Amino acid sequence: MNPRRRAVIDALLPPGGPAGLPGAFETGFEEFEAEFRRDAPLSMSLGWLAALWVASWVSPLLIRRLPPLDRLTEEDRPRALEAMGKSRVYLLRQSTLLLKMVTSLGYGAAPTVRRAVGYDAG
Amino acid sequence: MRVDGAAVGGFDEAFDYVVVGSGAAGATAARALASTGRSVCVLEEGPAVDPNAFGDRSWDAFKTMFRDANAQVARGRAFIPGIQGRVLGGSTVINSAIVWRAPDDVLAEWAALGLGDALPARELHRHWDAIEKDLDAAPTPPEVWGGFNRRMHEGALKLGVRAEPTRRFVKDCRATARCLTGCPSGAKRSMLTTYLPQAEAKGALIVTGAEARRIVVKEGRAVAVTGRLAGPGRPAFRAAARRAVVVAASAIQTPQLLARSGVRSPHLGAHFMGHPGTPLTGYFDAPERLWRGATQGYDAVHHRRDGRFKIETIALPPEIVFARLPGAGRRWKEMMALSGQTAIFAVQTRAWAEGTVRERPWGTDIAYDLTRRDMMQIRRGLRFTAELFFAAGAKEVWPGIYGLPERLLPGQEALFEHGPDDPGCYSWILSHLFGTARMATRASAGVVAPDFSVHGVSDLVVADSSLFPTNLGVNPQHTIMAVARHCAERLADRRPR
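Residues numbered from 1 in each chain as written. Chains lettered and ligands numbered in written order. Predicted model: local features only at pLDDT ≥ 70, side-chain atom pairs only at ≥ 80, totals over all residues. Heavy atoms only, no water.

Structural notes on the overall build of chain A
Logical step 1: The helix and strand tally for chain A stands at 7 helices and 0 strands.
Logical step 2: Starting at the N terminus and ending at the C terminus, chain A contains elements arranged as α-α-α-α-α-α-α.
Logical step 3: Over its C-alpha trace chain A gives a radius of gyration of 14 Å, about what one expects of a compact globule, namely 14 Å for 122 residues.
Logical step 4: Viewed in the frame of its principal axes, chain A has a C-alpha envelope of about 45 × 35 × 25 Å.
Logical step 5: Across chain A, the fraction of contacts at a sequence separation of at least 24, relative to all contacts at a separation of at least 6, is 55%.
Logical step 6: Total accessible area computed for chain A in this model is approximately 5600 Å², and 57% of it derives from carbon and sulfur atoms.
Logical step 7: Averaging the positions of the 16 positive and the 13 negative side-chain charges in chain A gives two centres separated by 9 Å. (Helix = DSSP H or I, 4+ residues; strand = E, 2+ residues; numbered from the N terminus. Rg over C-alpha atoms; globule rule 2.2 N^0.38 Å. Contact = heavy atoms within 4.5 Å. Areas by Shrake-Rupley, 256 points an atom, 1.4 Å probe, with all protein chains shown as cover. Lys, Arg positive; Asp, Glu negative; His and termini not counted. Charge placed at Lys NZ, Arg CZ, Asp CG, Glu CD.)

What to know about a negative patch on the surface
Logical step 1: Side chains of A:Asp10, A:Glu26, A:Glu74 and A:Glu75 sit close together on the surface and give a patch of like negative charge.
Logical step 2: The topology assignment puts A:Glu75 in the loop between α4 (59-62) and α5 (76-85). (Patch = residues over 30% accessible without salt bridge, like charges linked within 9 Å, V, L, I, M, F, W, Y side chains within 5 Å. Salt bridge = Lys/Arg side-chain N within 4 Å of Asp/Glu carboxyl O.)

Quick word on the environment of B:Glu200
Residue and element names in this part refer to chain B.
Logical step 1: Within the element layout of this structure, Glu-200 appears in helix α6 (residues 195-201).
Logical step 2: A sequence separation of 199 residues divides Glu-200 from Met-1, and the C-alpha atoms of the two residues are 5.7 Å apart.
Logical step 3: When neighbours within four sequence positions are excluded, Glu-200 is seen to be in contact with Met-1, Arg-2 and Ile-206.

A word on the packing of helix α2 (residues 29-39) of chain A against helix α2 (residues 58-65) of chain B
When two helices pack together, their arrangement is given by the angle between the helix axes and the distance between those axes.
Logical step 1: Packing of α2(A) against α2(B) brings their axes to within 11 Å, and their N-to-C directions diverge by 10 degrees. Overall, the two elements α2(A) and α2(B) adopt an arrangement that is roughly parallel. Residues A:Phe32, A:Glu35, A:Phe36 and A:Asp39 of α2(A) pack against B:Trp59, B:Asp60 and B:Lys63 of α2(B).
Logical step 2: For the contact of α2(A) with α2(B), the residue count by class is 3 nonpolar, no polar and 4 charged. (Axes fitted to C-alpha atoms, helices over the stretch in contact; angles between N-to-C directions. Parallel < 35°, antiparallel > 145°, perpendicular 65-115°, else oblique. Nonpolar A, V, L, I, M, F, W, Y, C, P; charged D, E, K, R; others polar.)

Some details on the interface of chain A and chain B
Logical step 1: On the side of chain B, 42 residues touch chain A, which itself brings 45 residues to the contact.
Logical step 2: For the interface between chain A and chain B, the tally reads 7 salt bridges.
Logical step 3: Among the salt bridges present, the one from A:Glu35 reaches B:Lys63, with a minimum N-O distance of 2.7 Å.
Logical step 4: Counting residues per element, the side of chain A that touches chain B draws most heavily on helix α6 (residues 90-107) of chain A, at 10 residues.
Logical step 5: Residue composition of the side of chain A that touches chain B, by class: 27 nonpolar, 9 polar and 9 charged.

With respect to the packing of aromatic side chains
Logical step 1: Enumeration over the complete set of coordinates arrives at 19 aromatic pairs over all chains.
Logical step 2: An aromatic cluster of at least three residues, connected via ring pairs, comprises A:Phe25, A:Phe29, A:Phe32, A:Phe36, A:Trp48 and B:Trp59.
Logical step 3: When the ring centre of B:Trp352 is taken as origin, the NZ or CZ atom of B:Arg308, which lies over that ring, is 3.6 Å away. (Phe/Tyr/Trp six-rings, centres within 6.5 Å; stacked < 30°, edge-to-face > 60°. Lys NZ or Arg CZ within 6 Å of the ring centre and 35° of its normal.)

Comments concerning the pairing of strand β13 (residues 273-283) of chain B
For a regular strand, the rule is simple: side chains alternate between the two faces of the sheet.
All names here are of chain B.
Logical step 1: The element β13 is extensively covered by neighbouring structure, given that 11 of its 11 residues are classed as buried.
Logical step 2: Burial along β13 is two-sided: the residues Met-273, His-275, Gly-277, Pro-279, Thr-281 and Tyr-283 and Gly-274, Pro-276, Thr-278, Leu-280 and Gly-282 are all buried.
Logical step 3: Strand direction decides the pairing type here: β13 and strand β20 (residues 429-434), joined by 4 bridges, are antiparallel. Looking across to β20, one finds that Gly-277 is bridged to Ile-429.
Logical step 4: The pairing of β13 with strand β16 (residues 342-349) spans 7 bridges and is classified as antiparallel. Looking at the pairing, Gly-282 lines up with Ala-343 of β16.
Logical step 5: As paired elements, β13 and strand β19 (residues 396-398) share 3 bridges and run antiparallel to each other. Each bridged residue has a counterpart across the sheet, and for Tyr-283 the counterpart in β19 is Glu-396. (Buried < 20%, exposed > 50% of the residue type's maximum accessible area, 1.4 Å probe, protein only. Pairing = 2+ DSSP bridges.)

Remarks on the environment of B:Leu124
Logical step 1: Here B:Leu124 lies in helix α4 (residues 121-134).
Logical step 2: Filtering out sequence-adjacent residues up to four positions away, B:Leu124 remains in contact with B:Leu107, B:Leu119, B:Ala482 and B:Val483.

Points about the confidence of the model for chain B
Logical step 1: The pLDDT averaged across chain B works out to 96; a share of 99% of its residues lies at or above 70.
Logical step 2: Scored by ipTM, the complex comes to 0.98, with pTM at 0.96. (pLDDT = per-residue confidence, 0-100.)

A word on the domain arrangement of chain B
Residues and elements named next belong to chain B.
Logical step 1: Each assigned domain of chain B is listed with its residue range as follows: domain 1 (2-48 + 87-134 + 190-271 + 435-493) and domain 2 (139-180 + 272-430).
Logical step 2: Just the C-alpha atoms count here: the centres of domain 1 and domain 2 sit 31 Å apart.
Logical step 3: Listed by partner, the interface residues are 37 residues for domain 1 and 31 residues for domain 2.
Logical step 4: Of the roughly 2800 Å² buried at the junction of domain 1 and domain 2 (both faces included), carbon and sulfur atoms supply 50%.
Logical step 5: Among the ionic pairs, Arg-213 bridges to Glu-359, the shortest N-O distance being 4.0 Å.
Logical step 6: There are 21 residue pairs in polar contact (both at pLDDT 80 or more) connecting domain 1 and domain 2.
Logical step 7: Broken down by secondary-structure element, the contributors of at least two residues to the side of domain 1 that touches domain 2 are α3 (104-115), α4, α7 (250-260) and α11 (477-493).
Logical step 8: If you tally residues by element for the side of domain 1 that touches domain 2, the top one is α7, at 5 residues. (Domains from an automatic or database assignment. Buried area = accessible area lost by both parts, 1.4 Å probe. Polar contact = N/O pair within 3.5 Å; in protein donor to acceptor, adjacent residues only side chain to side chain.)

Notes on a nonpolar patch on the surface
Logical step 1: A cluster of nonpolar side chains, contributed by A:Val89, A:Leu91, B:Val73 and B:Phe79, occupies part of the molecular surface with about 330 Å² of accessible area.
Logical step 2: As for its placement among the helices and strands, A:Val89 is situated in the loop between α5 and α6.
Logical step 3: Exposure remark for A:Val89: the relative accessible area of 45% places this residue in the partly exposed category.

Digging into α2(B)
Logical step 1: Restricting attention to buried positions, one finds in α2(B) the residues B:Ser58, B:Trp59, B:Ala61, B:Phe62 and B:Met65.
Logical step 2: If you follow the buried residues of α2(B), they end up packed against α2, α3 (42-57) and α6 of chain A together with α8 (318-323) of chain B.

Quick notes on the pattern of salt bridges
Logical step 1: In the structure shown here, the tally under the stated rule is 50 salt bridges over all chains.
Logical step 2: The closest approach of N and O atoms between A:Glu30 and A:Arg6, which form a salt bridge, is 2.5 Å. Separated by 24 residues along the polypeptide, A:Glu30 in helix α2 and A:Arg6 in helix α1 (residues 3-12) bring together distant segments of the chain.
Logical step 3: Overall, A:Glu30 belongs to the partly exposed group, its relative accessible area being 28%.
Logical step 4: B:Arg126 is paired through a salt bridge with B:Glu123; the nearest N and O atoms lie 2.6 Å apart. In this pair, B:Arg126 and B:Glu123 are both assigned in helix α4, 3 residues apart and thus about one turn of the helix distant.

The following block contains the structure:
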């Protein structure tokens, strides 16, 4: 992943925080993302890249900051992404959902994350 | 016998019947036809997956067993994901195996359309009896309810509303809550583990990785199915049908296949109907172990007739639950940390909306927009769901709806009824799809005739939910199977030409 895209994922799921939940990149997310882009249908893969681009270049504007996202402070980055998820513009909200969906697909399946939230698959 | 289309070259063989699709309709029809001693070939576009290899990662399941890796969407004012299996056994491999007979009021609607003889209630009940016996239909037993199903039971008792354990085609459920990614214990009676092996045992040939592209029609009669196999170079195949071609490819694929094969009707691909659903999350102050229990083990049917909706429980793995939680960064993780104390109930509505399914150069185009009436039903259903949650002891309800607060407390249920009218404010799932080749007595009103053949083409039969003339309002697998069984019996009784 290039640094700009990494910054988006890092802002969504940074290291540290509650219940021992790791950061995205502590769960092998980079490998999952490569696998996802290899195996996903083209429309899904392009949608993912578009959502990352929108998060990087549009979300900062929603909190009146200049893009890209990786130039924002650590505090402002999640604020910008939250603003995108609450935008009046449907496509921005959908981009956020797509971003969170794909990120969750990798992150939520990681054993460390599942253990942290008490998931005990049968 | 089974052939993996990804591992062989092309083939050109003849059978009595060629069945396109191996889901609830195709597998049921194939088994019934193979039982008559005739030769049957089942063509399935997706792969065969070994039930012992079912994992618990959603992405692995999506990319192997779901159409478009679960990215198929209907477009309208909202993008609505439409879930379909693309695997041997079809959607029965990835659904919750819920058993509902078509309600009497729906059968009465079909009879009023002049289809009482084509889809006779008495015959359908005979088929339902047989299928329920074959597939061990039973209400979900309390010992596998888990916390989330039990919560709905308790909430419904407290409110005094009609709700009941979900009847399912499951035996000896291990409560793994993994129906979505393929039952790991073999408890679910999917077509993959029941009717398809039984059809094989009676001599049916099953070809996976075989995409049916065209039905060959000669002098007004369907004579073969042609298509491409999944192997290197996509070799061509041809399966000739001496007696009939049975199309059971789903309400999305069937109209596209018929259209490619030269069937012309203004109703083909039109009247696309379904059950749009939207979830609510209830937050409890005790761990609910959301992921333990029968995936969908309880449903509230109190408003099925007067409100056209029912409420179902559903257990989902963390990677699916997380995506809908609000927040980003630390706040998103805080919500994730609470997810073990949540349960999900979903409103499933018998929508009035009708859309279209068309094949475009870039792929399948599904146009579907919920009506104002649908939105009113949904909002009423959401309010009722919140009431159920609070009656069950939930401390908060998390709507996940743009325009409503992130968290609602007891007493705020009425907010749902005044919620947004725009479908784009909600998150949706569209399941249970019908109507795109509907049955009608006249060609001017539908695609399929009362004898299940396509109007104007002999020996071309449709056996799946495409032919349903109206929206069903309950989970359709059981009715799809009964209709397919009925169709196959009629077909087997027909004299060959």
